[in-house]
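Observations on the model geometry
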Amino acid sequence: MTPRPLRPRRLAAAFVVLTLLSGCAEGPKLGESPSQKLVVDKRTQLPPPSGADLVAATTAYRIGPLDKLSIAVFDVPDLSGKFQADAAGRLSMPLIGAVDASGKTPAELAATIAEKLRARFMRDPQVTVNLEETTSQVFTVDGQVSQPGTYPVLGNMSLMRAVATAKGATEFARMEDVVVFRTVDGRSMAALYNLNSIRTGVYADPQIYANDVIVVGDSKAKRMFQQFLQVAPLMTTPVILVLEHL
């Protein structure tokens, strides 16, 4: 028999009681710090980040290895097209050959290409560079996966696809203890998911966005939710928390 999920009010009340009961436990736990508390959010999935959240921690984008670029030289179609940087961040273009793109912004690369064309081939080249596919929009997978690391967000990325991108969970992964951390409107949030429940269609596979951090079967992540898991197993709905900083 599948256990019924706790309603938000009952879940919040249970959390308060369990927090008081755990006050004598050794060592601080996340949410018990004087500067932070955990608040149950009345929804079944994390909200998407805002545009400001996605760019809050970023600066002007610098081209890196394997980035795909669209380069246009005005009125010269033979020099225009899609190019991909190699593992060292270099491009190979007609007429001018190898161009070092690594560490440059798109505008700086456009200026470099124009300078090379102006030196030998064209009087006043007009060059534009746009990113087609970039590794700046990445998510992080950690914990019990075969290849932890950061991966680019390509297309519609879901939690199941994100774990698969990291070559899947390890043999000893706790599939019911998968945490997604996200910043939404400047607030830190976290959600606990059960990959087995998602796989069997109990609830939907949530979408993953740039800057999300996914932790699979990590004991530190589980401690955040242990009070909730003592009340009822997570089977039919994820648990969403807001990490409030006081």
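What you see as residue numbers is a count from 1 along each chain, following the sequence as written. Owing to the predicted nature of the model, reporting of local features is limited to residues with pLDDT of at least 70; listing and counting of side-chain atom pairs is limited to 80 or more, with chain, interface and lining totals taken over all residues. To obtain the side-chain values, all non-hydrogen atoms of the structure were included, while hydrogens and water were left out.

This next bit is on the overall build of the protein. Within the protein, the regular secondary structure consists of six helices and 12 strands. Considering only residue pairs separated by 6 or more positions, the protein has 62% of its internal contacts joining residues 24 or more positions apart. Using a 1.4 Å probe, accessible areas were evaluated by the Shrake-Rupley method; residue-level cover was limited to the displayed protein chains. Accessible surface for the protein amounts to roughly 13800 Å². Of this, 54% is attributable to carbon and sulfur atoms. A run of DSSP states H or I qualifies as a helix once it reaches four residues; a run of E qualifies as a strand once it reaches two. Both are numbered from the N-terminal end. Contact criterion: two residues are considered in contact whenever any of their non-hydrogen atoms come within 4.5 Å of each other.

Moving on, we come to unusual backbone geometry. In this structure, L95 is a non-glycine residue whose phi angle is positive, near 70°. With respect to the helices and strands, the residue L95 is situated in the loop between strand 4 (90-93) and strand 5 (97-100). According to the relative accessible area criterion, L95 is exposed, its value standing at 53%. Not every positive phi belongs to a glycine, and K167 is a case in point at roughly 70°. Buried means the residue's accessible area, taken with a 1.4 Å probe over protein chains only, is under 20% of the maximum for its type, while exposed means over 50%, and partly exposed covers the values in between.

Our next topic: the nonpolar core. Most often, soluble globular proteins have nonpolar side chains that are buried together. Counting residues in each nonpolar core, the largest one holds 24 residues, and the members touching the most others are F139, L159, Y193, I208 and I214. Contributions of two or more residues to this core are made by strand 7 (138-143), helix 4 (159-165), strand 9 (178-184), strand 10 (187-193), helix 5 (195-199) and strand 11 (213-216). Excluding anything up to four places from it in sequence, I208 contacts F139, V153, M157, S158, L159, A162, V180, R182 and I214. If you look at the next biggest cluster of nonpolar residues, it comprises 20 residues, including I63, I71, V73 and M122. Nine residue types can take part in a nonpolar core, namely buried Ala, Val, Leu, Ile, Met, Phe, Trp, Tyr and Cys, and a core is a set of them joined through side-chain atoms within 4.5 Å.

Moving on: the confidence of the model for the protein. For the protein, per-residue confidence averages 75 on the pLDDT scale, and residues scoring 70 or more make up 64% of the total. What pLDDT expresses is the predictor's confidence in each residue, scored from 0 to 100. Of all helices and strands in the protein, the one with the weakest mean pLDDT is helix 1 (residues 8-21) (39), whereas helix 4 scores best (94). Within the model, the stretch residues 1-35 combines pLDDT values under 50 with 38 contacts to residues more than four positions away or in other chains.

What follows is about the packing of aromatic side chains. Each aromatic ring pair is summarised here by two numbers: the centre-to-centre distance and the angle between the ring planes. Ring geometry is summarised as follows: Phe, Tyr and Trp rings, the Trp one being its six-membered ring, pair when their centres sit within 6.5 Å, and such pairs are stacked at plane angles under 30 degrees, edge-to-face over 60 and tilted between the two. Inspection of the entire model under this criterion finds two aromatic pairs. On the basis of an interplanar angle of 45° and a centroid distance of 6.3 Å, the ring pair of Y193 and Y203 is categorised as tilted. On the criterion of sequence distance, the pair formed by Y193 in strand 10 and Y203 in the loop between helix 5 and strand 11 is long-range, its members being 10 residues apart.

We now examine helix 3 (residues 106-120). Expected helix span is taken as 1.5 Å per residue step, with the number of steps being one fewer than the number of residues. When the terminal C-alpha atoms of helix 3 are compared, their 22 Å separation across 15 residues agrees well with the 21 Å that a helix rising 1.5 Å per residue should span. By the burial criterion, the buried members of helix 3 are P106, L109, A110, T112, I113, A114 and L117. Buried residues along helix 3 sit against strand 2 (68-73), strand 4, strand 5 and strand 6 (127-133).

Attention shifts here to the pattern of salt bridges. Put simply, a salt bridge is a Lys or Arg side-chain nitrogen that is within 4 Å of an Asp or Glu carboxyl oxygen. Going through the model one piece at a time under the given rule, you end up with four salt bridges. Between E132 and K82 there is a salt bridge, and its shortest N-O distance comes to 3.4 Å. Here E132, found in strand 6, pairs with K82, found in strand 3 (residues 81-84); they are 50 residues apart in sequence, far enough to count as distant. You can call K82 exposed: its relative accessible area is 63%. With a shortest N-O distance of 3.1 Å, D177 and R174 are connected by a salt bridge.

Strands sit in the order 3-2-6 across an open sheet of three strands; the sheet is antiparallel. Edge strands, defined here as strands with exactly one partner in the open sheet, are strand 3 and strand 6. Strand-to-strand twist of the sheet, defined as the mean angle between neighbouring strand axes without regard to direction, takes the value 30°. Working convention: axes come from line fits to C-alpha atoms, limited for helices to the stretch in contact. Angles between N-to-C directions cover 0 to 180 degrees. Against the sheet, helix 3 engages strand 2 and strand 6, with an angle of about 135° to strand 6. Whether two strands pair depends on DSSP finding at least two bridges between them.

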